[in-house]
Amino acid sequence: METITAHPRTWTPEQSPAAKRDVWTALKRGFRCRCPRCGEGKLFRAFLKVDDHCSACGLDFTPHRADDLPAYLVIVIVGHIVVPTILWIETDYAPSVLLQLSIYLPLTLILSLLMLQPVKGAVVGLQWALRMHGFDENAPDEISPG
Ligand SMILES: [Zn+2]
């Protein structure tokens, strides 16, 4: 029979597990366009321009890589609101096409513009919570963004 001996290990900060980041809290804070870590500082410096860092806690926002995901998500969300509404009104009331277009096109545009910033904030919050891209302070140098 073989005996297993445990080697004593010395704790160092590099070996400690990273602090857990709550995904839902980060999503909610990002959706409110606030810093996903503290929920205080503003996430955006312009409509869709993410600020460089949090004004309250100093979290660096530059590692985010939201790219086109917020736009895709907004298309899905707004489409699931507008299309059933159009089908319901068309089948029950059948108003003129001109009237429908004069309502649905501005409605789609306004809903999309209203949703873009919160959805992008939620995507940045999700990336921070999941330590994606450069949001992992313990990532090896070769995978952190340049
Ligand atoms: Zn913050």
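Above this text is the structure in question.
The notes below deal with the structure included here. (Residues numbered from 1 in each chain as written. Predicted model: local features only at pLDDT ≥ 70, side-chain atom pairs only at ≥ 80, totals over all residues.)

**Let's talk about unusual backbone geometry**
A positive phi angle, close to 45 degrees, is found at Ala-94, a residue other than glycine. Relative to the helices and strands, Ala-94 is located in the loop between helix 2 (69-92) and helix 3 (97-129). We classify Ala-94 as exposed; it has 9 C-beta atoms within 10 Å. Its identity as a non-glycine residue notwithstanding, Arg-131 has a phi of 55 degrees, on the positive side. For Arg-131, the position within the fold is in the segment after helix 3. (Helix = DSSP H or I, 4+ residues; strand = E, 2+ residues; numbered from the N terminus. Buried ≥ 20, exposed ≤ 12 C-beta atoms within 10 Å, placed from the backbone.)

**Some words on the nonpolar core**
Considering soluble globular proteins, one finds that nonpolar side chains tend to be buried as a cluster. Membership of the largest hydrophobic core comes to 15 residues, with the highest contact counts inside it found for Leu-43, Phe-61, Val-119, Val-123, Val-124 and Trp-128. The set of elements that each furnish at least two residues to this core consists of helix 2 and helix 3. Of all the elements, helix 3 adds the most residues to this core, at six residues. With residues up to four places along the chain from it excluded, the contact list for Leu-43 reads Gly-30, Cys-33, Arg-34, Cys-35, Val-50, Asp-51, Phe-61, Gly-121 and Val-124. (Core = buried A, V, L, I, M, F, W, Y, C linked by C-beta atoms within 7 Å. Contact = placed C-beta atoms within 7 Å.)

**Quick notes on the packing of helix 1 (residues 23-31) against helix 3**
With their axes 7 Å apart at the nearest point, helix 1 and helix 3 run at an angle of 150 degrees to one another. The orientation of helix 1 relative to helix 3 falls into the category roughly antiparallel. Note that helix 1 runs across helix 3; the crossing there is right-handed. Judged by residue contacts, Val-23, Ala-26, Leu-27, Arg-29, Gly-30 and Phe-31 of helix 1 engage Pro-118, Gly-121, Ala-122, Val-124, Gly-125, Leu-126, Trp-128 and Ala-129 from helix 3. Here the contact of helix 1 with helix 3 is composed, by residue class, of ten nonpolar, three polar and one charged. (Axes fitted to C-alpha atoms, helices over the stretch in contact; angles between N-to-C directions. Parallel < 35°, antiparallel > 145°, perpendicular 65-115°, else oblique. Left-handed = near helix turned anticlockwise from the far one by under 90°. Nonpolar A, V, L, I, M, F, W, Y, C, P; charged D, E, K, R; others polar.)

**Observations concerning helix 2**
Between its terminal C-alpha atoms helix 2 stretches 35 Å, which fits the 34 Å expected from 24 residues at 1.5 Å a residue. Along helix 2, the largest kink reaches about 30 degrees and is centred on Gly-79. Taken together, the buried positions of helix 2 are Pro-70, Val-74 and Val-78. Those residues of helix 2 that are buried are in contact with helix 3. Positive backbone phi, at 45 degrees, marks Ala-94, one or two positions downstream of helix 2. (Expected span 1.5 Å × (residues − 1). Bend = angle between axes of the 7 residues up to and from the residue.)

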